[in-house]
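Structure assessment
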2 protein chains.
Amino acid sequence: MERIIATYLIETPFDPQAAAAVLAGEQSSGTFVAVPGETAELKERFAARVESVENLETVTTPAIPGATSPNGQYHRALVKVSWSIENFGYNLPVLVSTLQGNLYEIKQFTGLKLLDIQFPESYGTHFKGPEFGIEGCRKLTAVLDRPLIGTIIKPSIGLSPEQTASMVQTLANAGIDFVKDDELLSASANSSFEARLAAVMHVINEHADKTGKKIMYAFNLSGELDEMQSRYDAILKAGGTAAMISLNSVGLAATQKIISKGGLAIHGHRNGWGMLNRHPLLGIDFKAYQKIWRLIGVDQLHVNGIDNKFWESDDSVVQSIEACLAPLFDQALPMPVVSSGQWGGQAMETYRRTKTTDLLYMAGGGIMAHPMGPAAGVRAIQQAWQAAVDGWTIEQAANFFPEFGAAVTKFGNKK
Amino acid sequence: MERIIATYLIETPFDPQAAAAVLAGEQSSGTFVAVPGETAELKERFAARVESVENLETVTTPAIPGATSPNGQYHRALVKVSWSIENFGYNLPVLVSTLQGNLYEIKQFTGLKLLDIQFPESYGTHFKGPEFGIEGCRKLTAVLDRPLIGTIIKPSIGLSPEQTASMVQTLANAGIDFVKDDELLSASANSSFEARLAAVMHVINEHADKTGKKIMYAFNLSGELDEMQSRYDAILKAGGTAAMISLNSVGLAATQKIISKGGLAIHGHRNGWGMLNRHPLLGIDFKAYQKIWRLIGVDQLHVNGIDNKFWESDDSVVQSIEACLAPLFDQALPMPVVSSGQWGGQAMETYRRTKTTDLLYMAGGGIMAHPMGPAAGVRAIQQAWQAAVDGWTIEQAANFFPEFGAAVTKFGNKK
């Protein structure tokens, strides 16, 4: 019978093998005393199994509150635990409750992070994965040989539909590939979803008629389910190609339902992610996290960016990009969305470390606040990526390309 | 204009006032450089506002990774930030993205926890809250003057529908008020949802016909949305009164949709909660968390239990019970679900500290593994609560009540 395997980084004052056994018990047949009906046959079929325990370092300060070590030592280990597919089948919310549920409450752990999930083969048949993914998003935007260049409408909130549309017009003229609502805006008092959709799609459709290039705009669908469904339909009807969902805020079951409608590329925003990941020994690693969202078909996934304005390290960003680009069954790959304080100057390091242009490269202020205007802002980022692929340094590119040079002058000394 | 106010516990190497301003900027109009369109009028209407900053202690070790302090000092503070209702109206996923979104990524913080949310009056009109709550659950179970006594079918997973039903029969005979699926089981290879529903409801309906008492069984609905909807209908049709949803695994939008169907009391399981709360300076406090789920109508909410088997302190459990019992507008109060390692011995301390019997008191092994059998297990817990309300000690109750006495002998020395 197929099994689902989860890899955890744990920390415990006890023997890691014993702590792992507590986890496996709690997450399958456990209660605090043996109960009738807990037969050997039942355990054999449904009990979680500790597959391996690899001891790591021992530390003297616990990472998070839990049981106190009698000798002041806390042992870290990599632990693999598996469950039979017979326990929950293809029910992802129950899978999440099994792999990421009450186990975070177990006091035997002073650290617990879900690092990875290995799904069995039949998951690849049952779940179709992204409808569009990298290739589909490239086709929709007609960008084949470089990252998609995108931006977020800023200010995040407060613009009227007309102001938003006028900004999209500016960005369209500037040669942008992708635009999106900020996650803080779905419908505000002065920007109803419907009015913004109409105003923005008018600009995008007209621009497409004129130039043959249809800009992808990810309207923020996040909200109540019925509203999300009708807005999804409205986007399709208006000729839109994408929608954004704040994955953590909307949640798994509603996101899965919305995606199953089909027809729009889904831009998966991971806001709230810091809550799940920022502590090194609590929560879930992006490698595990992204797999669940890929199964249900998210086409684009936020990964932060090199030299970002947030707390995350470049190493972590690179690992997240690699996670998105690692095959999952024969499903389409989701497009990593690189964002946060990006302006083009990070293209060289991003390419050096990932060797890919299969990215949606998002710049907000980096485009709109470019000293020579937004068109120059877009061109500067295209130039940066061309230079990055050709192995140029920032200095070489700044000297050669006037727009990128101006960007370096304005944004390059922010550190 | 009405405003939503969030209270955060923060830690920062910078001036807390300045760090709070970064949060407010990031979560309303912010990007890393000023952009066109960010007018004073727009900011006045849509910008988040730092309402107050109350400085707390300064520490020398940062709680979570972030910016490094030049002088080795990290300042803690209570910060209130507010947003106009014009930003997102009654869209809870966007509210969550605003109050719990990218702000967790801000490097200026080395700790950030959302402690509380204050909703404006109109939220009390727009959201109806629990359909049943404490009073409704009491009526459904005909238990008016003591906590509802409940149990979780154990082993969590592996029993056949017939075995589950037979256990429910045993529990019914024992006088139980409430039974639920474990969160690890919705449908397993040997226990389809439909077969388990039919088998369990047969027992419950027959028992109700005979005794007039309908046991509340919370079937685990958690899963894909369409399936949840049809299973919800099936429970209603079979005469069931409740369903369980794993709130974090299913997510906000789908849970809201399911609850809006109406007719079943919703048992809100918070598994995965440790991920959101276990670190003292990261995530969200239960006081804030429970308010969101109450707005959308969760009738019963897990709060862990006194002297539980998990890591959580008694103080934290008491605060969670108090949070559930604090009024939110004029909505029905959700029933706190006390569970984890409970067997009756915790009744005295639970009552002493909360002075309430408006609880669903769950015992798994505490009932099924009682040395005199499950009926004695249920009676022992009823006895414990009677004694608790009367101000007796554990010893007094153990001497007076044989069933509770036997429970004390078996479970009382586990620490």
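Along every chain, residues carry numbers that run from 1 in the direction the sequence is written. The lettering of chains begins at A and the numbering of ligands begins at 1, in the order of writing. At least 70 in pLDDT is required for a residue's local features to be given in this predicted model, at least 80 for side-chain atom pairs to be given and counted, and no such filter applies to totals for whole chains, interfaces and linings, which use all residues. For the side-chain quantities, the full set of heavy atoms in the structure was used; hydrogens and water were omitted.

**Notes on the interface of chain B and chain A**
Test applied: Note on contacts: a residue pair is in contact if any heavy atoms of the two residues lie within 4.5 Å. Salt bridges are defined as contacts in which a side-chain nitrogen from Lys or Arg sits within 4 Å of a carboxyl oxygen from Asp or Glu. N or O atoms within 3.5 Å of each other form a polar contact, as long as, within protein, one can give a hydrogen and the other can take it, and as long as residues adjacent in sequence are counted only when both atoms are side-chain atoms. Each helix corresponds to a stretch of at least 4 residues labelled H or I by DSSP, and each strand to a stretch of at least 2 residues labelled E; elements are numbered beginning at the N terminus. Each residue gets one label: Ala, Val, Leu, Ile, Met, Phe, Trp, Tyr, Cys and Pro are nonpolar, Asp, Glu, Lys and Arg are charged, and the others, such as Gly, are polar.
In this complex, chain B contributes 97 residues to the contact, which on the side of chain A involves 97 residues. In this assembly, chain B and chain A are joined by 4 salt bridges. Between Lys309(B) and Glu26(A) there is a salt bridge; the shortest N-O distance is 3.0 Å. Taken together, the links from chain B to chain A amount to 38 residue pairs in polar contact (both at pLDDT 80 or more). For the side of chain B that touches chain A, the secondary structure elements donating two or more residues are helix H2 (40-46), helix H3 (92-99), helix H8 (225-237), helix H9 (247-250), helix H10 (252-259), helix H11 (273-277), strand E10 (282-284) and helix H15 (365-368) of chain B. Residue composition of the side of chain B that touches chain A, by class: 43 nonpolar, 39 polar and 15 charged.

**Focus: the sheet that holds strand E12 (residues 335-338) of chain B**
To summarise the sheet geometry, strands pair through backbone hydrogen bonds and adopt either a parallel or an antiparallel arrangement. Residue and element names in this part refer to chain B. We apply this condition: Note on pairing: DSSP must find at least two bridges between two strands before they are called paired. Angles run from 0 to 180 degrees between N-to-C directions of axes, and those axes are lines fitted to C-alpha atoms, restricted for helices to the stretch in contact.
One closed barrel holds the 8 strands; their spatial order is E5-E6-E7-E8-E9-E11-E12-E13, and the pairing between them is parallel. Strand-to-strand twist of the sheet, defined as the mean angle between neighbouring strand axes without regard to direction, takes the value 25 degrees. Where strand E5 (residues 148-152) lies against strand E13 (residues 360-362), 3 bridges are found, and the strand directions are parallel. When the bridges of E13 are listed, Gly150 appears paired with Met362.

**Section: empty space enclosed by the protein**
Spelled out, the test is: Points on a 1 Å grid over protein atoms alone make up a cavity when a 1.4 Å probe fits among them but cannot get out, and a pocket when they form an open set with protein on both sides within 12 Å along at least five of seven lines; lining residues each have an atom within 4 Å of a point. Grid points are joined across faces, edges and corners, and a volume is the space filled by probe spheres set on the points.
Scanning the entire structure with this criterion turns up 4 cavities of 30 Å³ or more. Of the pockets and cavities examined, the largest cavity occupies roughly 580 Å³. What lines the largest cavity is a set of 30 residues, and nearest its centre among them are Asn248(A), Leu276(A), Asn248(B), Ser249(B) and Leu276(B). Elements that contribute at least two residues to the lining of the largest cavity include exactly helix H9 (247-250), helix H11 (273-277) and helix H12 (286-295) of chain A together with H9, H11 and helix H12 (286-295) of chain B. For the lining of the largest cavity, the per-class residue count stands at 18 nonpolar, 12 polar and no charged.

**Description of the sheet that holds strand E11 (residues 300-302) of chain A**
All names here are of chain A. The strand order around the closed barrel built from 8 strands is E5-E6-E7-E8-E9-E11-E12-E13, with neighbouring strands paired in parallel fashion. On average, adjacent strands in this sheet sit at an angle of 25 degrees to one another, irrespective of strand direction. With 5 bridges joining them, strand E8 (residues 242-246) and strand E9 (residues 265-269) adopt parallel strand pairing. Each residue of the ladder has a partner; that of Ala243, found in E9, is Ile266.

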